[in-house]
Amino acid sequence: MKPFIVEYKSYYQSADCSILDKIERYSGYLEDHEEKKMNFFLKSPLLSGCENSSTIYDRHSSDNRQMTMFGSNNYLGLSTVPEVREAGIEAIEKYGVGSGGVPLFSGTHILQQKLEQKIAALKGCEDSMVFSSGYAANIGTVTGLIRPNNLIVHDRLNHSSLLDGSALTGAKFVRYLHNSPLSLEKTLEENHETYPDGMIVITDGVFSMDGDVASLPEIIEIAKKYNALVMIDDAHATGVIGHKGAGTKSHYSLTDGVDIVSGTLSKAIGAVGGFVASTKKIINYLRLYARSNMYSTALPPSVCASAIAAIDYMQTSERVEQLKQNYTYVSENLSKLGYSTGKTESAIIPMMIGDEATISLMARDFFENDIFVNAVFHPAVPPKQSRFRISVMATHTKEQLDRFLNVADKLGKKYKII
Ligand SMILES: Cc1ncc(COP(=O)(O)O)c(C=O)c1O
């Protein structure tokens, strides 16, 4: 079979013709995607909950397939835990399905406030506030805090929501080399005199496509030297690293030094929504100035109830430890097979392939072997660094992990990756 070549830019950049011209060209490209029975841009959907083994409707063959899930962010498997479901069902029965308003009008429910207290305690902060998604939390936090006279300093691999939020502030933003304290220091050194009104250093806690952990102690030390604030995005750290899944600060046993922690309820917590945690003063300010919160309907009470139950479950069960055992097993064994997996220390394992044509063929083969994985291409990752973003779950059995490793071994040899 001929590979499917993922081209992003040519279909999204303007061709100086019309707004719709790029859509015509993209539609032609999508036909090739469909003819080759790929699932990158149009998906074969889940018919079941997102579990370690999920039922997928194969839209190309119209079959229902039972596939082992290595592509979800439901790392702890909490989205289907009975206690978490029941909390949501009970709240729907009591309060209905929607919150009925934006947080500053009628949308603030008592369950939302309980959830915010729980998140603040988890993150070791005075207070927190929730948003409709992690994306909205990052956009709202960055636009709420930063003005055009500030400088935003990003790790080169920070999540797009942080970059999109930065673009909306009108402030200049610069990027330092990935997880490099040296490069961060150079950037702050070069800029601090030009930005006397303040700089902020922002980094993912666990990087979303590489699974490595930010060098937080060094980042804090350098930021403080130049009087810059520190914000971390704990989207993939929450529920994965730190004591009972508390995240990046806890991973390094830090209590101080991080000014703002954002994150999501949509990944290891298994629900949906985002949050930011900080001092009471900062949170009270953001309740008014984070526009993605102020101008957007509050989370439904049922989601808040499920998220509270999920955090309780996470803190009282063995899921975080099980997850660590599972991702350590997979990353060590992928390396033994000869795959490059970067510097992951989390449930996200980059299985590096590089060549885009090869990864598209391998993706088909994984699917045919009933293993659900996500292939990631430029611009989500740098050019020529396409990879499978393997996500391990606490609920994977040893048999499921071994079967995945066995298929990865066969395909790696077939495509001469290992
Ligand atoms: C690092 C990071 N931050 C934020 C988000 C956004 O979170 P959500 O999916 O809840 O909008 C994501 C999700 O992909 C992410 O990977």
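Undergrad: Looking at this structure, how should I read the sheet that holds strand β3 (residues 127-131)?
TA: Whenever strands of a sheet pair, they do so through backbone hydrogen bonds, lying parallel or antiparallel. Strand order in the open sheet formed by 7 strands is β3-β9-β8-β7-β6-β4-β5, with mixed pairing between adjacent strands. Whereas interior strands pair on both sides, the edge strands pair on one side only; in this sheet they are β3 and β5 (172-176). Between one strand and the next, the sheet's axes are offset by a mean angle of 20°, whatever the strand orientation. Here 4 bridges tie strand β8 (residues 260-264) to strand β9 (residues 274-278), and the two strands are oriented antiparallel to one another. Looking at the pairing, G263 lines up with F275 of β9. Along the sheet, helix α5 (residues 110-122) contacts β3 and β9; its crossing angle with β3, the most-contacted strand, is approximately 125°.

Undergrad: Explain the site of the ligand here, please?
TA: Neighbouring the ligand are 14 residues; S133, G134, H159, A235 and T264 lie closest to it. Counting residues per element, the shell around the ligand draws most heavily on helix α6 (residues 134-145), which supplies 3 residues. Of the residues assigned to the shell around the ligand, the class counts are 2 nonpolar, 10 polar and 2 charged.

Undergrad: Looking at this structure, how should I read the domain arrangement of the protein chain?
TA: The parts lose accessible area when they come together, and the size of an interface is often stated as this lost area. Its domain assignment divides the protein chain into domain 1 (44-73 + 319-414) and domain 2 (81-316). Between domain 1 and domain 2, the residue contacts involve 17 residues of the former and 16 residues of the latter. Sorting the residues of the side of domain 1 that touches domain 2 by element identifies α14 (319-337) and β10 (348-354) as the ones contributing at least two each. Residues of the side of domain 1 that touches domain 2, tallied by class, amount to 9 nonpolar, 4 polar and 4 charged.

About the cut-offs
- Along each chain, numbering runs from 1 in the same order as the chain's sequence is written.
- Reporting in this predicted model follows two pLDDT cut-offs: at least 70 for local features of residues, and 80 or more for side-chain atom pairs to be given and counted; totals over whole chains, interfaces and linings ignore these cut-offs and use all residues.
- Strand pairing is defined by DSSP finding a minimum of two bridges between the two strands.
- By the criteria applied, helices consist of DSSP H or I runs no shorter than four residues and strands consist of E runs no shorter than two, each listed in order from the N terminus.
- Each axis is a line fitted through C-alpha atoms, and for a helix only the stretch in contact is used; angles between axes span 0 to 180 degrees, taken between their N-to-C directions.
- Two residues form a contact once the distance between their C-beta atoms, set from the backbone, is within 7 Å.
- Each residue receives a C-beta atom placed from its backbone. It is near a molecule or strand if this atom lies within 6 Å of it.
- Lys, Arg, Asp and Glu make up the charged group, whereas Ala, Val, Leu, Ile, Met, Phe, Trp, Tyr, Cys and Pro make up the nonpolar group; the residues left over, Gly among them, are polar.
- Domain delimitation follows an automatic or database domain assignment.

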